[in-house]
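# Fold and geometry: a report
Listed below, chain by chain, are the residues.
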Amino acid sequence: MQLPTPVYKPAFNITRASHLVSRVSDLEASRAFYCELLGLVVSDEDSSTLWLRGLEEACHHSLVLKKGEPAVERIGLRVLTEEDLDLLEAHFRAAGFPTAWVEIPHQGRTLHTTDPAGTPLEFCATMETRPRLFAQADAYHGACALRLDHFQIVTPKVRESLDFYNGMGFRLSEYVTKDGSLEMVFLQRKGNPHDIVFANREGPRLHHCAYQVPETHHLMHVCDLFVCRDQEGQVEFGPARHFSPGLARFLYLRDPDGHRVELFPSHYHTIDIEEEPVRWEAPGFKAGGWIVPPDRWWNDTMAFAETGR
Ligand SMILES: [Fe+2]
């Protein structure tokens, strides 16, 4: 299989996965899940929206929850400078995708566009900031979620997504093939295994977002908390280790509306130029290590509000 040639010096600098904008049916139920159990903190709120961040995050939000019919609005990515934002807008427009400049609370100038999979995207170069709380011991609670790490999108357009994101400077860290075609691609900008993952399923839909937690025992501890609240049905898969891309220990949870969140304590670095993408062959790799993923982990995904699929 011919992989695309890496683009080490793209015309603009996308830096990382930044934030997720989702709709939830009950803000208080979501606050209990994300703040009391996962450990996120509230940066701001009003009657219809919660803006949340992890304990080590200085930027205003990594998760925006809006009251509404459950769905995902947008995947948020950051660029380094305002100039990068202008160059990115020209890139998407030249590629034939719609672009729009929008005003978003607590963010700088923001670009809305879409990718070849149809994923609704949101780019910005700046946000308001808040104090990092990672040195404040009494802020730690629940799973002590530290920072947003990555998203996983399902789409039949895995190859198109790889080529498009590779062209924007994303590097392929790992990939899964099945019968000679691409099943999954893991793409990164920030120097760990992934900022965004595309997996071969009907889509575009969101499979999960992922937050890093401090230690493996936080995965166990948050499971205990769910059991104590008689909410163990929201613990979907894990704790275990991926003997598959990323090799991280993991836990997958479902929020009160079915949005899936992964928690994991560590990832490896992949930065240097000589590092080649790691290939995995399906069905030989073990997504859950010593336990088998439930069917719903493979098949349940969340629609984007914009596409409704
Ligand atoms: Fe993940």
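Structural data are supplied above this passage.
Below is a summary of the structure that appears in this document. (Residues numbered from 1 in each chain as written. Predicted model: local features only at pLDDT ≥ 70, side-chain atom pairs only at ≥ 80, totals over all residues. Heavy atoms only, no water.)

Before going further, it helps to examine unusual backbone geometry. Backbone torsion omega between Gly 203 and Pro 204 reads 15°, so that peptide bond is classified as cis. Take Pro 204: it is sitting in the loop between β12 (196-199) and β13 (205-212). Looking along the chain, the bond that leaves Gly 238 and enters Pro 239 is cis, with omega of 5°. Along the chain, the position of Pro 239 falls in strand β14 (residues 235-241). (Helix = DSSP H or I, 4+ residues; strand = E, 2+ residues; numbered from the N terminus.)

The next point concerns helix α4 (residues 217-228). With twelve residues, α4 extends 17 Å between its outermost C-alpha atoms, agreeing within 8% with the 16 Å of an ideal straight helix rising 1.5 Å per residue. The set of residues buried in α4 consists of His 218, Leu 219, Val 222, Cys 223 and Phe 226. Along the long axis of α4, the arc covered by the buried residues comes to 145°, so they all point the same way. What points out from α4, more than 90 degrees from its buried face, is the exposed set His 217 and Cys 228. Just downstream of α4, Asp 230 is the residue with a positive phi angle, here 55°. (Expected span 1.5 Å × (residues − 1). Buried < 20%, exposed > 50% of the residue type's maximum accessible area, 1.4 Å probe, protein only. Arc of directions from axis to C-beta.)

Another point: the coordination of the iron ion. Distances from the iron ion to its protein donors, His 150 (NE2), His 208 (NE2) and Glu 262 (OE), fall at 2.0 to 2.2 Å. Taken in chain order, the donor set of the iron ion reads H-x57-H-x53-E. Placement of His 208 in strand β13 and of Glu 262 in strand β16 (residues 260-264) is noted, with a sequence separation of 54 residues between them. What makes Glu 262 buried here is its relative accessible area of 3%. (Donors = N, O, S within 2.8 Å, 3.2 Å for Na, K, Ca; no water.)

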